[in-house]
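# Fold and geometry: a report
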Amino acid sequence: MRKYSFGLMAVLCLGINPAFASKATSFQIKLASPTTVDRQTVLYTCQGNGDAAKELLSRLPQKRVAVQYINADAISLAVLPIEGHTQVFSNVIAADGAKYAAAQYVWWNKGNDALFSSEMDDKALVTCHAVSK
């Protein structure tokens, strides 16, 4: 059985700035031993067409979006900045690729491409493509 508790470990695991830890904005997920944690950061450039997509695009960093994928046993997360704040997306069922959800947002990637959307507006769709550093 996995134990979920709050503390400093996620600050280290997710790469969140430790300076924010004193503000009680961190959490910890304890995993059963032994569990391998795989982390990968992918940089994307994104674009959107139409007013709704451009408004959604404005919530992402302007030049490149750094997405950190964290996989540990049955836990799969995507961590990315939304409106300047770290948002943790959890993997959900998808027919193809890897689909993650957080609040009203969806991040869906397959290969080098990803889609960013909002469940609040079906016209808001941003397309992203992985780039090399």
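As a starting point, this report considers the structure included with it. Values in this document were obtained by computation on a predicted structure and should not be read as measured data.

Bringing the sheet that holds strand 10 (residues 121-131) into the picture now. The eight strands lie next to each other as 3-4-5-6-7-8-9-10, forming a closed barrel whose pairing is antiparallel. Between one strand axis and the next, the sheet turns by 30° as a mean value, whatever way the strands run. Examined bridge by bridge, strand 7 (residues 98-102) and strand 8 (residues 105-110) share five bridges and lie antiparallel to one another. Paired with A98 across the two strands is N109, which belongs to strand 8.

Our next topic: the packing of aromatic side chains. Summed over the entire model, instances satisfying the criterion amount to four aromatic pairs. An angle of 25° between the planes, with centres 5.4 Å apart, marks the rings of Y105 and F116 as stacked. Taken together, the residues span a long stretch of sequence, with Y105 in strand 8 and F116 in strand 9 (residues 113-118) at a distance of eleven residues. Aromatic pair W107 and F116: ring centres 6.2 Å apart, planes at 50°, arrangement tilted. By relative accessible area, W107 is classed as buried at 0%. An aromatic cluster is present here, built from Y44, Y105, W107 and F116 joined pairwise through their rings.

Reading the values: the criteria
- Residues numbered from 1 in each chain as written.
- Predicted model: local features only at pLDDT ≥ 70, side-chain atom pairs only at ≥ 80, totals over all residues.
- Heavy atoms only, no water.
- Pairing = 2+ DSSP bridges.
- Helix = DSSP H or I, 4+ residues; strand = E, 2+ residues; numbered from the N terminus.
- Axes fitted to C-alpha atoms, helices over the stretch in contact; angles between N-to-C directions.
- Phe/Tyr/Trp six-rings, centres within 6.5 Å; stacked < 30°, edge-to-face > 60°.
- Buried < 20%, exposed > 50% of the residue type's maximum accessible area, 1.4 Å probe, protein only.

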